[in-house]
Amino acid sequence: EALRKAIIVAHTKRDPVAPPRGLASVWAFYPAKAGAGCTTLAINTAVDLAMLQFRVLIVDFDQEGGDCGRYLGAQPPEEGQDVLSRLSHLDKLSAETVKPMLRAIELPVQPPVTLDVLQSPGQLINDPDRAGQSLSEFFDLLVTMYDYILVDLPPSRLLDPYAGQVL
């Protein structure tokens, strides 16, 4: 509740006629122990931001649990059909090639809002030579498409499993 209030207070201080920045703020949510509450916090924050009319993407990086989509009522992607597993096979990364692969979930709130979700791949990218580069290029594109990107990390993992870099 405190985070929700802080988001709303910060939003009221925003200049309503200021042009968009053009680059998303990326917030990472990682649990201290066993993932307790991390996904719930990330999703509730995403919903609050979406209700304020921000363009929001929630990214689920938990290869084992991958529960963001499930919490929002989405079916898991079929094996190998998620964006992260297919990145190294895309000829061109653009909003037009990526947007159809993200899950757009309409939230049952008033007024209705849509939240985009990048569901967990359930496995690591199988092309280690291009995986890190592809993921970096992918996020470079995503920050131009959204106002906020919220990343739900798995328990006890502060490293990017795709690129071997600290997030």
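Heads up: the structure comes first, above all this text.
Every value quoted in this text rests on a predicted model; they were computed, and no experiment measured them. (Residues numbered from 1 in each chain as written. Predicted model: local features only at pLDDT ≥ 70, side-chain atom pairs only at ≥ 80, totals over all residues. Heavy atoms only, no water.)

## What to know about unusual backbone geometry
Cis geometry marks the peptide bond from glutamine 110 to proline 111; its omega dihedral reads -5 degrees. Here proline 111 is to be found in the loop between β3 (103-107) and β4 (113-118). The phi dihedral of glutamine 53 is positive, around 75 degrees, even though this residue is not glycine. (Helix = DSSP H or I, 4+ residues; strand = E, 2+ residues; numbered from the N terminus.)

## Focus on the pattern of salt bridges
As enumerated under the stated definition, the model contains two salt bridges in all. A salt bridge links aspartate 147 to arginine 55; the shortest N-O distance between them is 3.0 Å. Within this pair, whereas aspartate 147 is found in the loop between α6 (128-145) and β5 (148-152), its partner arginine 55 is found in the loop between α2 (38-51) and β2 (56-60), the two being separated by 92 residues in sequence. (Salt bridge = Lys/Arg side-chain N within 4 Å of Asp/Glu carboxyl O.)

## As for the nonpolar core
Grouped together as the largest cluster of nonpolar side chains are 23 residues, with contacts concentrated most on Leu49, Val56, Ile58, Leu72, Leu107, Leu115 and Leu150. Top element by residues in this core is α2. It accounts for seven residues. Residues within four places of leucine 72 in sequence aside, it is in contact with Ile43, Ile105, Leu107, Leu115 and Val117. Within the second largest apolar cluster, 22 residues are counted, among which are Phe139, Leu141, Leu142 and Val143. (Core = buried A, V, L, I, M, F, W, Y, C linked by side-chain atoms within 4.5 Å. Buried < 20%, exposed > 50% of the residue type's maximum accessible area, 1.4 Å probe, protein only. Contact = heavy atoms within 4.5 Å.)

## Regarding the packing of aromatic side chains
Enumeration according to the criterion identifies three aromatic pairs in this entry. When the ring of phenylalanine 138 is compared with that of phenylalanine 139, the centres are 6.1 Å apart and the planes differ by 85 degrees; the resulting orientation is edge-to-face. Taking relative accessible area as the criterion, phenylalanine 139 reaches 17% and is therefore assigned buried. Here the aromatic cluster, defined as three or more aromatic residues joined through ring pairs, consists of Trp27, Phe54 and Tyr148. (Phe/Tyr/Trp six-rings, centres within 6.5 Å; stacked < 30°, edge-to-face > 60°.)

## A few points about the sheet that holds strand β1 (residues 25-29)
Strand order in the open sheet formed by five strands is β1-β5-β2-β4-β3, and the pairing between neighbours is mixed. Looking along the sheet, the strands with just one partner apiece sit at the ends: β1 and β3. Along the sheet, successive strands turn relative to each other by an average axial angle of 25 degrees, direction set aside. Contacts from α2 reach β1, β2, β3, β4 and β5 within the one sheet, and its direction differs from that of β5 by about 170 degrees. (Pairing = 2+ DSSP bridges. Axes fitted to C-alpha atoms, helices over the stretch in contact; angles between N-to-C directions.)

## Section: the environment of proline 31
The residue proline 31 is located in the loop between β1 and α2 in this model. The exposure class of proline 31 is buried, given its relative accessible area of 8%. Considered as a pair, proline 31 and aspartate 152 are 121 residues apart in the sequence and their alpha carbons are 8.9 Å apart.

## A short note on the pairing of β4
β4 sits mainly inside the fold: five of its six residues count as buried. Both β2 and β4 contribute to a ladder of three bridges, which runs parallel. Bridge pairing in β4 links leucine 57 to aspartate 116. In this sheet, β4 lies alongside β3 in antiparallel orientation, the contact comprising five bridges. Looking at the pairing, isoleucine 105 lines up with leucine 115 of β4.

## Focus: the packing of helix α1 (residues 2-12) against α2
Two quantities define a packed helix pair, namely the angle between the axes and the distance from one axis to the other. Closest axis-to-axis distance for the α1/α2 pair is 10 Å, and the angle between their directions is 25 degrees. As far as their axial angle goes, α2 and α1 are roughly parallel. Like other packed secondary-structure pairs, α1 and α2 cross with a definite hand, here right-handed. The segment α1 lies against α2, with Leu3, Arg4 and Ile7 engaging Leu41, Thr45, Asp48 and Leu49. Taken together, the residues of the contact of α1 with α2 sort by class into four nonpolar, one polar and two charged. (Parallel < 35°, antiparallel > 145°, perpendicular 65-115°, else oblique. Left-handed = near helix turned anticlockwise from the far one by under 90°. Nonpolar A, V, L, I, M, F, W, Y, C, P; charged D, E, K, R; others polar.)

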